[in-house]
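# Breakdown of the fold
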Amino acid sequence: MADTWVTDLTHFLTDEGEIGPKSGPARKLVEYFTEIVVDATTEPWEEPGKKSVRCRRRPGRRRCAGVIETDIDPDTDAIMWWCPVCRDKGSINHWQGSRWDRAKDVQSR
Ligand SMILES: [Zn+2]
């Protein structure tokens, strides 16, 4: 069984809510998580041009062809994400109110 990435978005952000790491793999990873937050908080019909989140894994050095699927756990409010191809998966906590939380924008409109 694959490991589950359990992440707390606030751990990766500065006090201003910016992505903490400025460059390198760490930043790439945080950007990946923020894309997942956008995906999970946006309905497809709200942003027709929205690009899907590609799986970042490279099993056997070949990029996984999977597209990340997302859902919000109704009990914990955590964002659940998984790759249907390689089974990479994880959860993101404390994403609410971050600048990638599109649901927040909808509510304040
Ligand atoms: Zn994958």
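This one's a predicted model, so the numbers in the text were calculated from it and none came from an experiment. (Residues numbered from 1 in each chain as written. Predicted model: local features only at pLDDT ≥ 70, side-chain atom pairs only at ≥ 80, totals over all residues. Heavy atoms only, no water.)

Our next topic: the overall build of the protein chain. A tally of regular secondary structure across the protein chain gives 2 helices and 4 strands. In sequence order, the protein chain lays out its α and β elements as β-α-β-β-β-α. A compact globule built from 109 residues would reach a C-alpha radius of gyration of about 13 Å, and the protein chain, at 14 Å, matches this within 12%. Seen through its principal axes, the protein chain has C-alpha atoms that stretch 45 × 30 × 30 Å. (Helix = DSSP H or I, 4+ residues; strand = E, 2+ residues; numbered from the N terminus. Rg over C-alpha atoms; globule rule 2.2 N^0.38 Å.)

Once that is clear, we can look at the pattern of salt bridges. Counted according to the given criterion, the structure contains 2 salt bridges. We note a salt bridge from R99 to E18, for which the minimum N-O separation is 3.5 Å. Taken as a pair, R99 in the loop between β4 (89-93) and α2 (102-108) and E18 in the loop between β1 (4-8) and α1 (24-40) lie far apart in primary sequence, 81 residues in all. In this structure R99 comes out as partly exposed when scored by relative accessible area, which is 44%. Note on E18: relative accessible area 37%, which makes it partly exposed. The salt bridge involving R27 is made with E31; its shortest N-O contact spans 3.0 Å. Separated by 4 residues within a single helix, R27 and E31 lie in helix α1, roughly one turn from each other. Residue E31 is classed as partly exposed on the basis of its relative accessible area, which comes to 28%. (Salt bridge = Lys/Arg side-chain N within 4 Å of Asp/Glu carboxyl O. Buried < 20%, exposed > 50% of the residue type's maximum accessible area, 1.4 Å probe, protein only.)

Here we take up the pairing of β4. Direction of pairing for β1 relative to β4: parallel, over a ladder of 5 bridges. The residue of β4 that forms the bridge with V6 is S91. One ladder, built from 4 bridges, connects strand β3 (residues 79-82) with β4; its direction is antiparallel. Bridge assignment links M80 to a residue of β4, and that residue is S91. Hairpin connection between β3 and β4: a loop of 6 residues separates the two successive antiparallel strands, and R87 in this loop has a positive phi of roughly 70°. (Pairing = 2+ DSSP bridges.)

Per the counting criterion, the structure on display carries 5 aromatic pairs. Arranged with centres 5.9 Å apart and planes meeting at 50°, the rings of Y32 and F33 form a pair that is tilted. Residue Y32 shares its accessibility class with F33, and that shared class is buried. Ring geometry for F33 and W81: centres 6.3 Å apart, planes at 50°, overall tilted. (Phe/Tyr/Trp six-rings, centres within 6.5 Å; stacked < 30°, edge-to-face > 60°.)

Tracing the chain through its elements places D39 in helix α1. Residue classification places D39 among the buried residues on the basis of a relative accessible area of 13%. Leave out the neighbours within four places in its chain, and D39 touches K50, V53, I68 and T70. (Contact = heavy atoms within 4.5 Å.)

Before going further, it helps to spend a moment on the nonpolar core. L9, F33, I36, I68 and I92 are the most contacted members of the largest nonpolar core, which has 22 residues in total. Sorting the residues of this core by element identifies α1 and β3 as the ones contributing at least two each. Top contributing element to this core by residue count: α1, with 8 residues. Dropping the residues within four chain positions of it, I68 is found in contact with Y32, I36, D39, V53, R54, C55, W81, W82 and C83. (Core = buried A, V, L, I, M, F, W, Y, C linked by side-chain atoms within 4.5 Å.)

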